[in-house]
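Fold and geometry: a report
Residue-level listing of the chains:
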Amino acid sequence: MNVRKLILIVVAVLAAGFLLIQLVPYGRAHDNPPIVAEPNWDSPQTRELAQRACFDCHSNETTWPWYSNVAPVSWLVQHDVDEGRQHLNFSDWNQSHAEHGHEGHESEELGETILNGEMPPAQFLITHPEARLTDAEKAALADGLAATAGLSPSAEVEHESSQGNE
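Residues numbered from 1 in each chain as written. Predicted model: local features only at pLDDT ≥ 70, side-chain atom pairs only at ≥ 80, totals over all residues. Heavy atoms only, no water.

Let us now look at the environment of Ala-149. Residue placement: Ala-149 occurs in the loop between helix H8 (135–148) and helix H9 (153–164). Since its relative accessible area comes to 17%, Ala-149 is described here as buried. As for Ala-149 and Asp-42, which are separated by 107 residues in sequence, their C-alpha atoms are 8.7 Å apart. (Helix = DSSP H or I, 4+ residues; strand = E, 2+ residues; numbered from the N terminus. Buried < 20%, exposed > 50% of the residue type's maximum accessible area, 1.4 Å probe, protein only.)

Okay, the nonpolar core next. General note: in soluble globular proteins, nonpolar side chains tend to be found buried as a group. Formed by 14 residues in total, the largest nonpolar core has its most connected members in Trp-41, Ala-50, Cys-54, Phe-90, Leu-141 and Leu-145. Put simply, the parts of the chain that give this core at least two residues each are helix H2 (44–53), helix H6 (105–115) and H8. If one sorts the elements of this core by residue count, H2 sits on top with three residues. The residues contacting Cys-54, other than those within four sequence positions of it, are Leu-49, Phe-90 and Leu-141. Ranked by size, the runner-up nonpolar core spans five residues in total, among them Trp-64, Tyr-67, Val-77 and Val-81. (Core = buried A, V, L, I, M, F, W, Y, C linked by side-chain atoms within 4.5 Å. Contact = heavy atoms within 4.5 Å.)

Scanning all chains against the criterion turns up five aromatic pairs. Consider the rings of Phe-55 and Phe-90, whose centres lie 5.7 Å apart with planes at 25°: the pair is stacked. Of this pair, Phe-55 sits in helix H3 (residues 55–58) while Phe-90 is found in the loop between helix H4 (73–87) and helix H5 (93–99), placing the two residues 35 residues apart along the sequence. Each ring, one from Phe-90 and one from Trp-93, has its centre 5.8 Å from the other, and the planes form 5°; the classification is stacked. Of the two residues, Phe-90 and Trp-93, neither departs from the other in class, the shared state being buried. Aromatic ring contacts, followed pair by pair, group Trp-41, Phe-55, Phe-90 and Trp-93 into a single cluster. (Phe/Tyr/Trp six-rings, centres within 6.5 Å; stacked < 30°, edge-to-face > 60°.)

The structure is reproduced here in structure tokens:
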């Protein structure tokens, strides 16, 4: 068998496989449930920053881009949104807040996650450059989320400085 024929067979098999995985039903349930309760935001700026950087995965206001309909990418997007909403959902704040105990230490972790660059994740920022926050915006969002959750921004700073001394 010559190389050209082998390449054509491989391409045909890959194309057939790509078409077949489009039949897998997971990753196409692009529903946005109703908004039940948002946090009592400390400021419009905090909400705007959260909307820009967090809402696509952590709210019921997800914007589903075209590639979220093409497997296997659709599987990854659906998984990230499902997991994000389960962990923290700004559109069902009372439930999310109660289930995960987002008070005290948990609320501090929200800010730390943003300040450490863990959220939004790098793979999300590739396709959503508007979600990339400057250091000042990260600090404002972390402080705003702490205030929204009922912590003073200084409590977050005190917690971080005490961790640095451990």
